[in-house]
Amino acid sequence: MLENDFPNALQWHPDPIVLDAKVAEAKQKLLNSIKRSIYVFRVDCGGCNGCEIEIFSTITAVFDAERFGIKVVPSPRHADLLIYTGAMTRSMREPALRAYNAAPDPKIVMSYGACGCTGGIFHDNYCVWGGTDPILPVDVYVPGCPPSPPSTIYGFATALGILDQKLHASHNVAPADEQVPIAFPAIPYKVRVAFEREARRMSGYYYGKQIVDEFMLTLTKDTKDALKAADSLIASETDTRKRAVFMDLKALLMSKVVDE
Amino acid sequence: MLKLFKEIRKTGSATLGYPFSPIEMPSGFRGKPEHNEKLCIACSACAIACPANAITMELDPDQNFITWDISYGRCIFCGRCQEVCPLFAIELTTDFELAVMNKDDLRESCSYPVARCSKCGKPYASAKEVDYSRRVLESVGGPAAADIKKVDLCLDCRRFDDAEAFAHQAPDRKEA
């Protein structure tokens, strides 16, 4: 979707599909009464195929969605539920509508994955509509990049009314004069920065942070002998890669120690 | 035939019980990012790092609050927000049950009071962040803490201040 300053009146916007009153009523009835055994057709509207792989791993033996009668069918004519994956590219809008119109009423539409829900990481790309809902009336949103098989099953269960949804919109206002304690006050700031840099250099983002946090927590927990705490952390670590990073951090700590 | 049934019984079932029994995700699983509103100083580091712009920071129209907002529908669960957080205000949990029937339920937000520049009165950061950075500077001490008063200035005023200080210094340097 174009979200820049380009005049809105000059942009073409897809007409949203409005459900017929009769169809809407039938759909509500379907949603309330159908508890299992739905046929699913998936429509890939410009996804990366990650979502497709997760859908197919949902119907394999480990997660086995077919024990609820959920079956992936090869034609929208057989489908009760349409899964739309991908960020809805401009060229896939027509095929998406064709699949929607080919499915018999009443039908349930599921937006699958981050791209299907809102456009995901491609939301401001010039050639996408930003998810399924600018084009089609969506009943259930399954976020994830891609959603794991259990969250897919949860999505089906939510759509069929077996499980209740957990997330709810929330807005809070933080009170004024709230103070946050300084993180790791016992470690000098520059030493902390050196630790964090070294850990990220050794094991990259995300894991580097987790490792350095664990290391610094251990150091600050033992108020008497931090070096001994570091030694016991290294000794107790079974993962050799992680132990190497801990040993490296300890060497760095030793280089910062000054005799008084 | 009997042998086959015996074999099946011995092998057991590989299928997991979910959703009828709870499932435990592995510890490295990247699920729903959980925001701790009390620990958050609204520094926008996560909003800048977020590759999908799922986390956004926006100043309210009346300029009294800055609002942190996440859309789980847009989140790609990369963990960059956890990576850049200077405190432990946002962490990825193993919670995967995120499906909703209504799109608005995918949003979560929190508003924080803003701090205003002591010179020009423009809002420039969240009050919590200014307070936090002041305390960090105090704990660091030394030359870093010498300019601690400038924490109360917005970026423009600080630049102006620096330029003024430099202009005062310049003639002395010329003589030396």
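Above this text sits the structure in question.
If you're wondering where the values come from, they're calculated on a predicted model, not measured in any experiment.

Engineer: Help me understand a nonpolar patch on the surface in this model?
Structural biologist: A cluster of nonpolar side chains, namely Met1, Leu4, Phe5 and Ile8 of chain B, defines an oily patch on the protein surface of about 470 Å² accessible area. For Ile8 of chain B, the position within the fold is in helix H1 (residues 2–11).

Engineer: Would you take a moment to explain the packing of helix H8 (residues 226–236) of chain A against helix H9 (residues 240–256) of chain A for this structure?
Structural biologist: Helix-helix packing is characterised by the crossing angle of the two axes and by the distance between the axes. Residue and element names in this part refer to chain A. At their nearest, the axes of H8 and H9 sit 9 Å apart, and the two run at 165 degrees to each other. Judged by the angle between their axes, H8 and H9 are roughly antiparallel. For the pair H8 and H9, the sense of crossing is left-handed. On the side of H8, the interface is formed by Leu227, Ala230, Asp231, Leu233 and Ile234, while H9 contributes Arg243, Phe246, Met247, Lys250, Leu253 and Met254. Of the residues contributing to the contact of H8 with H9, the split by class is 8 nonpolar, no polar and 3 charged.

Engineer: Would you mind going over the pairing of strand E3 (residues 81–85) of chain A with me for this structure?
Structural biologist: Within a regular strand, the side chains alternate between the two sheet faces. Residue and element names in this part refer to chain A. Burial analysis of E3 places 5 of its 5 residues in the buried class, which makes it a mostly covered element. Alternating positions in E3 separate into two faces, Leu81, Ile83 and Thr85 on one and Leu82 and Tyr84 on the other, with burial throughout. Pairing geometry for strand E1 (residues 39–44) and E3, over 5 bridges, is parallel. Looking at the pairing, Arg42 lines up with Ile83 of E3. As paired strands, E3 and strand E4 (residues 108–112) are joined by 5 bridges and run parallel to one another. By the bridge assignment for E4, Ile83 is matched with Met110.

Engineer: Just checking my understanding: could you explain the interface of chain B and chain A for this structure?
Structural biologist: The accessible area lost on association of the parts is a frequent measure of interface size. Counting residues at the interface gives 65 residues for chain B, matched by 58 residues for chain A. Here chain B packs against chain A, burying approximately 5400 Å² in sum over the two surfaces, 59% of which is carbon and sulfur. Together, Glu83, Ala99 and Met101 of chain B form the three largest contributors to the area buried by chain B at its contact with chain A, with a combined 13%. Of the charged contacts, one joins Glu178 of chain A and Lys128 of chain B as a salt bridge, the two residues approaching to 2.8 Å between their closest N and O atoms. Per-class residue counts for the side of chain B that touches chain A are 36 nonpolar, 12 polar and 17 charged. Sheet analysis places strand E6 (residues 170–173) of chain A next to strand E5 (residues 107–116) of chain B, joined by 4 bridges and oriented parallel. Bridging across to E5 of chain B, His171 of chain A finds its partner in Ser109 of chain B.

Engineer: Sorry, what's going on with the packing of aromatic side chains here?
Structural biologist: Each aromatic ring pair is characterised by the separation of its centres together with the angle its planes make. By the definition in use, this model includes 7 aromatic pairs over all chains. A connected cluster of aromatic rings, assembled from ring pairs, spans Phe195, Phe215 and Phe246 of chain A. We note Arg30 of chain B situated over the ring of Tyr206 of chain A; from NZ or CZ to the ring centre the distance is 4.1 Å. Taking NZ or CZ as reference, Arg80 of chain B lies 4.1 Å from the ring centre of Tyr205 of chain A, over its face.

Engineer: Could you clarify how one ought to interpret the sheet that holds E3 of chain A in this entry?
Structural biologist: Backbone-to-backbone hydrogen bonds join strands into a sheet, with any given pair of strands oriented parallel or antiparallel. All names here are of chain A. Pairing is parallel in the open sheet, where 5 strands are placed in the order E2-E1-E3-E4-E5. The open sheet is flanked by strand E2 (71–72) and strand E5 (140–142), the only strands paired with a single partner. Packed on one face of the sheet, helix H5 (residues 149–159) meets E1, E3, E4 and E5 and runs near 170 degrees to E5.

Conventions adopted
Residues numbered from 1 in each chain as written. Chains lettered and ligands numbered in written order. Predicted model: local features only at pLDDT ≥ 70, side-chain atom pairs only at ≥ 80, totals over all residues. Heavy atoms only, no water. Patch = residues over 30% accessible without salt bridge, like charges linked within 9 Å, V, L, I, M, F, W, Y side chains within 5 Å. Areas by Shrake-Rupley, 256 points an atom, 1.4 Å probe, with all protein chains shown as cover. Salt bridge = Lys/Arg side-chain N within 4 Å of Asp/Glu carboxyl O. Helix = DSSP H or I, 4+ residues; strand = E, 2+ residues; numbered from the N terminus. Axes fitted to C-alpha atoms, helices over the stretch in contact; angles between N-to-C directions. Parallel < 35°, antiparallel > 145°, perpendicular 65-115°, else oblique. Left-handed = near helix turned anticlockwise from the far one by under 90°. Contact = heavy atoms within 4.5 Å. Nonpolar A, V, L, I, M, F, W, Y, C, P; charged D, E, K, R; others polar. Buried < 20%, exposed > 50% of the residue type's maximum accessible area, 1.4 Å probe, protein only. Pairing = 2+ DSSP bridges. Buried area = accessible area lost by both parts, 1.4 Å probe. Phe/Tyr/Trp six-rings, centres within 6.5 Å; stacked < 30°, edge-to-face > 60°. Lys NZ or Arg CZ within 6 Å of the ring centre and 35° of its normal.

It is worth stressing that arrangement in space is one thing and function is another; only the former is reported here.
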